[in-house]
Amino acid sequence: MPVTQPSRIQHTIHLLPQNTSSAELDQVVALLHPTRSAFTYSADAAQAVAHAGNNNSVVVCWAGERWGADGAIFNWLHRRGIGTEARNFDGSSVAGHVSQPGPRTLPLRIQHTIHLLPQDTTLPELKQVTAELHPTRSAFTYSADVAHALMFAGDDSSKVVVWSGERWSGDIFAWLRQRGIRFESQRFVTPEAISGGSFIFTHWPTEHKTIGQKFLQNPQNYDPPLIGHDGVDIVAPFGSKIFAVADGTVIKVRDVSEGHNYGTAVYLRHTDGYRTTYAHLKSTDLKAGNFVHGGQLIGIADSTGNVWPKPTATEPHLGSHLHLSLYLDGASQRKETPQPHDLIDPEPFLIHLQDGWPSPTGELVSGWAFASSIQKKGMVARVQTNFINLRAAPGSFQEKLGRVNHGTVMRLLGNRNQDYYPVAVPKEAIKRVDTAVSFGMHNLDGADWMKRNGMQGWSLHAIGLGTNPAPQDMTQYERAGIKMLIRLNYGFHPQGNQPAPDSPDFQRYLDACVETMRRSKGVWGFIFGNETNNPQEFPGGVNGQKITPEVYARAYNDVWQRKPAGVRLGVQAIDPYFGPGSDSRDYWQRVLNNLTGTDFITVHPKTQDSNPNNVDSDAKFSNDPLRWQYLHLKSYQPLLAVVPERFWTLPVIATEVNPQRHNDGRTLGWQENKGAEWVRRAAAHFRAYNETALMPINGVIYYRFTADEWELHNKPSILSAIKNLK
């Protein structure tokens with residue numbers, strides 16, 4: 001039946017440029033949602049709708065200058081007899097725009113698709129639809145008359161996609177059918193409609209991952225109450241195997257001799273009210289009451305029952321395929337489907353399997369995933385960024401349940417809310433990473449200051465062991481909520497951070513480290529060495545023997561393999577800048593790649609001066625070998641970016657955080673009139689970084705309370721800023 005002539009009434013359709021961004025589309029639909037306006041990105045579609053309307057019909061062109069210079073889109077429409085208006089993306093009209101349509105010309109007869117939304121569509125639902133349609137630049141409208149007008153101009157493959165058809169006051173499907181309009185059905189994703197408890201297809205049902213006829217297609221071939229195809233047809237040549245899509249129990253087996261349209265068929269009941277039917281089989285060995293596992297053989301494919309094309313005497317198996325139907329108890333009554341008999345669309349349950357995604361199974365943990373970090377496919381979603389923070393509720397500052405790494409597939413449980421989707425993640429895929437950050441002071445007298453002021457957090461005490469154990473009792477700080485780190489040095493400049501490997505003191509120093517760890521109390525963790533890429537730390541000073549990454553790792557691994565049970569040992573921080581002529585990132589990578597293991601990571605973020613604005617600076621070195629490195633506080637980020645994956649879930653502590661110099665460029669240490677703001681900016685920086693970081697900073701230790709140019713004990717405004725950090 002050809003599409004009937006539409007009513008000649010006034011139509012207004014909004015024409016968006018092809019390069020409209022998602023943010024611009026959100027702005028437009030929010031502005032015009034109250035008027036239930038029609039949108040398209042196609043000038044041909046806009047012409048077709050306006051052409052079918054009366055003389056007052058108009059196309060509203062948004063950002064018309066993007067279609068070409070000299071009013072190209074307006075001239076194009078005017079030459080076809082279409083009136084125009086012009087808008088900017090803030091909704092304002094374009095001053096001076098003149099609509100000068102000529103005589104109307106017939107639109108091209110090409111394929112058109114338009115999405116038809118119910119009048120009671122909410123703004124969140126509309127944004128759900130536009131988010132789905134924006135990548136394909138699809139048209140949508142709330143007006144059945146607009147949809148009719150576009151279909152009248154389109155070719156025989158044109159169609160209307162009806163969203164939540166049950167929400168129309170009349171039978172929208174009958175209305176479209178009476179006018180000869182091809183249509184498909186779609187519905188808004190709601191938690192009730194998409195979750196269905198824990199049920200999901202775990203296996204593709206055939207040996208060929210191609211879907212032929214889709215759900216609701218070809219309504220002309222079906223008698224009421226069916227309004228279209230009652231399942232999906234999947235390629236299955238004669239004699240190929242048919243498998244169960246999920247665990248279930250056989251509730252019926254139908255034989256071809258019964259004369260049913262499905263021919264030989266198997267019916268399964270699954271969990272959560274779902275049922276599936278596998279039709280047109282050659283044979284099956286199953287009987288009612290049998291339990292089958294997902295992926296288990298159901299039967300052999302054929303063309304029994306009512307198929308197209310029909311078998312012939314010479315081709316008795318012509319038309320062989322699998323017809324798969326899916327039912328959800330009560331779906332028709334709840335108006336979750338336009339079909340009767342609780343028939344719902346199987347395709348959302350299939351498409352992730354079609355693309356080779358696994359189905360999440362086992363124990364699942366519910367939470368919320370950031371929308372732009374996941375890729376959705378039917379009933380599941382997959383992490384497409386390096387990781388996501390799984391949240392307990394929608395929102396960037398809600399409780400974090402853990403990290404979920406790139407490629408993890410999870411159940412999609414419902415609607416987008418505040419840029420987050422509800423998901424269910426396999427428990428074993430959730431990595432428990434602490435993203436909270438707390439603060440503290442360097443030096444043992446810094447820990448005393450923290451204790452006196454009731455400040456909990458982190459502190460570091462560096463000791464030079466030489467070759468003798470030096471057990472540390474830190475229980476008083478532990479009781480006060482201070483996590484004490486003990487840095488195990490051989491000595492300090494110029495004695496060196498560790499002895500030369502050919503020195504008789506080398507092994508004795510390592511033995512002293514192990515014995516110190518064994519006999520200490522109240523220590524949160526030990527750090528082996530410090531900045532061994534800096535010549536100041538070489539045995540004998542700047543002209544002494546270099547400590548290569550391999551030499552450092554050899555010594556570290558000796559201590560690691562002998563550390564007492566229950567004791568934490570962390571890898572040293574390197575000097576983030578040293579050169580010139582030296583690549584600190586390369587040194588760092590070689591250290592990490594040679595480690596047997598570590599319990600935590602340490603870094604030394606700094607700024608080159610005392611300007612608080614440089615805390616978040618993106619400035620980098622201009623020359624090799626440090627062209628990749630940030631000049632200021634972000635210097636730790638490229639180093640964490642190359643940490644091997646086996647260490648990604650470990651705590652990270654910034655153990656020396658400070659400005660290098662005053663703003664005069666010469667004087668070393670903290671500049672008191674800038675330092676308090678620098679402290680606050682640095683704290684805010686680390687908190688913000690942790691919201692999206694793969695490896696968050698868990699501890700920040702400001703350097704230092706006493707002992708050198710950076711001492712803070714005599715700078716009360718800076719101490720007050722540190723004490724007041726929450």
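The rules behind each value
- Residues numbered from 1 in each chain as written.
- Predicted model: local features only at pLDDT ≥ 70, side-chain atom pairs only at ≥ 80, totals over all residues.
- Heavy atoms only, no water.
- Helix = DSSP H or I, 4+ residues; strand = E, 2+ residues; numbered from the N terminus.
- Rg over C-alpha atoms; globule rule 2.2 N^0.38 Å.
- Buried < 20%, exposed > 50% of the residue type's maximum accessible area, 1.4 Å probe, protein only.
- Salt bridge = Lys/Arg side-chain N within 4 Å of Asp/Glu carboxyl O.
- Arc of directions from axis to C-beta.
- Contact = heavy atoms within 4.5 Å.
- pLDDT = per-residue confidence, 0-100.
- Axes fitted to C-alpha atoms, helices over the stretch in contact; angles between N-to-C directions.
- Parallel < 35°, antiparallel > 145°, perpendicular 65-115°, else oblique.
- Phe/Tyr/Trp six-rings, centres within 6.5 Å; stacked < 30°, edge-to-face > 60°.
- Core = buried A, V, L, I, M, F, W, Y, C linked by side-chain atoms within 4.5 Å.
- Polar contact = N/O pair within 3.5 Å; in protein donor to acceptor, adjacent residues only side chain to side chain.
- Pairing = 2+ DSSP bridges.
- Right-handed = clockwise from strand over helix to strand, strands pointing away.

**Description of the overall build of the chain**
- In terms of helices and strands, the chain carries 16 helices and 34 strands.
- Computed over the C-alpha atoms, the radius of gyration of the chain is 34 Å, more than 25% above the 27 Å expected from 2.2 N^0.38 for a compact globule of 726 residues.
- Oriented by its inertia axes, the alpha-carbon framework of the chain measures out at about 95 × 75 × 45 Å.
- Out of the 726 residues in the chain, the part that is buried amounts to 55%.

**Considerations on the pattern of salt bridges**
- Applying the stated criterion across every chain yields a total of 28 salt bridges.
- Between Asp511 and Arg562 there is a salt bridge, with its nearest N and O atoms 2.9 Å apart. With Asp511 in helix α11 (residues 505-519) and Arg562 in helix α12 (residues 549-562), this residue pair connects regions lying 51 residues apart in the sequence.
- The exposure class assigned to Asp511 is partly exposed, which follows from its relative accessible area of 33%.

**What about helix α1 (residues 22-32)?**
- Within the sequence span of α1, burial applies to Glu24, Leu25, Val28, Val29 and Leu32. Looking straight down α1, one finds its buried side chains confined to an arc of 125°; they lie on one side.
- For α1, the secondary structure elements touched by its buried residues are β1 (12-15), β2 (38-40), β3 (58-62), β4 (83-87), α4 (123-133) and β6 (139-141).

**Observations concerning the confidence of the model for the chain**
- Per-residue confidence for the chain averages 91 on the pLDDT scale, and 98% of its residues sit at or above 70.
- Ignoring residues within four places in sequence, the model shows residues 190-196, a span with pLDDT below 50, making 18 contacts including any to other chains.

**Observations concerning the environment of Asp448**
- Among the secondary structure elements, Asp448 is positioned in helix α9 (residues 444-452).
- Residues Asp448 and Ser459, spaced eleven residues apart in sequence, show a C-alpha to C-alpha distance of 9.6 Å.

**Overview of the packing of helix α2 (residues 43-52) against helix α5 (residues 144-153)**
- Put simply, α2 and α5 touch, their axes get as near as 8 Å, and they point 110° apart. Here α5 runs roughly perpendicular to α2, going by the angle between their axes. Touching Ala45, Ala48, Val49 and Ala52 of α2 are Val146, Ala149, Leu150 and Ala153, all from α5.

**Description of the packing of aromatic side chains**
- With the rule as written, the count across this model stands at 25 aromatic pairs.
- Both rings, one in Tyr274 and one in Phe349, keep their centres 5.5 Å apart while their planes meet at 65°; by these two values the pair is edge-to-face. One end of the pair, Tyr274, is in strand β13 (residues 274-283); the other, Phe349, is in helix α8 (residues 347-354), with 75 residues separating them in the sequence.
- On the basis of relative accessibility, which here comes to 2%, the residue Phe349 falls in the buried class.
- Relative to Trp560, the ring of Tyr556 lies with its centre 6.2 Å away and its plane at 15°, an arrangement referred to as stacked. Of this pair, Tyr556 and Trp560 both sit in helix α12, four residues apart, which is roughly one turn of the helix.

**Description of the nonpolar core**
- Among the nonpolar cores identified, the biggest contains 81 residues, and Phe528, Val571, Leu640, Ile697, Tyr702 and Ile722 are the most heavily contacted of them.
- Contacts of Tyr702, omitting those with residues within four sequence positions, involve Phe439, Gly440, Met441, His442, Val657, Trp670, Trp678, Val679, Ala682, Ala683, Ile722 and Leu725.
- One finds Ile227, Ala265, Tyr274 and Ile298 within the second-largest nonpolar core, a separate group that totals 75 residues.

**Here we look at the side chain of His14**
- Inspection of the secondary structure puts His14 in strand β1.
- According to the relative accessible area criterion, His14 is buried, its value standing at 3%.

**Quick word on the environment of Val615**
- In this structure, Val615 sits in the loop between β32 (606-607) and α14 (636-641).
- Residue Val615 is classed as buried on the basis of its relative accessible area, which comes to 0%.
- Residues Val615 and Val409, 206 residues apart in the sequence, show an inter-C-alpha distance of 37 Å.
- Here Val615 is in contact with Thr607, Leu633, Trp678, Arg681, Ala682 and His685, once residues within four sequence places are set aside.

**Quick notes on the side chain of Asn698**
- As for its position among the elements, Asn698 is in the loop between α15 (672-692) and β34 (699-702).
- You can call Asn698 buried: its relative accessible area is 7%.
- For Asn698, the side chain forms a polar contact with the main-chain oxygen of Ala436, separated by 3.4 Å.
- Beyond its immediate chain neighbours, meaning those up to four positions away, Asn698 contacts Asp434, Thr435, Ala436, Val437, Ser438, Trp458, Leu650, Pro651 and Val652.

**Some words on α4**
- By the burial criterion, the buried members of α4 are Glu125, Leu126, Gln128, Val129, Thr130 and Leu133.
- Of the surrounding secondary structure, the elements contacted by the buried residues of α4 are α1, β5 (113-116), β6 and β7 (159-163).

**Examining the pairing of strand β12 (residues 264-269)**
- The element β12 is largely enclosed, with a buried count of five among its six residues.
- Pairing between strand β11 (residues 248-254) and β12: five bridges, direction antiparallel. Along β12, the bridge assignment pairs Val250 with Leu268.
- Of the strand pairs in this sheet, β12 and β13 are connected by five bridges, and their pairing is antiparallel.

**Some details on the environment of Met450**
- By the element assignment, Met450 lies in helix α9.
- Since its relative accessible area comes to 0%, Met450 is described here as buried.
- When the C-alpha atoms of Met450 and Lys723 are compared, they prove to be 7.8 Å apart, with 273 residues separating the residues in sequence.
- Sequence-distant contacts of Met450, defined by excluding residues within four places in its chain, comprise Phe439, Gly440, Met441, Met455, Gln456, Gly457, Trp458, Ser459 and Ile482.

**Description of unusual backbone geometry**
- Across the junction of His493 and Pro494, the peptide omega takes the value 5°, indicating a cis bond.
- The peptide bond linking Asp624 to Pro625 adopts the cis configuration, its omega dihedral lying at 5°.
- Even without a glycine there, the phi angle at Asn218 is positive, about 50°.
- Residue position: Asn218 is located in the loop between α7 (191-195) and β9 (232-235).
- If you check the backbone angles, Glu531 has positive phi at about 50° while not being a glycine.

**Examining the pairing of β34**
- Burial along β34 is two-sided: Gly699 and Ile701 and Val700 and Tyr702, pointing in opposite directions, are all buried.
- Note: strand β26 (residues 438-442) against β34, four bridges, orientation parallel. Looking at the pairing, Met441 lines up with Tyr702 of β34.
- Where strand β33 (residues 652-659) and β34 come together, three bridges link them in parallel fashion. Residue Ile653 lies in a different strand from β34, and its bridge partner there is Gly699.
- The β-α-β motif built from β33, the intervening α15 and the parallel element β34 has right-handed crossover chirality.

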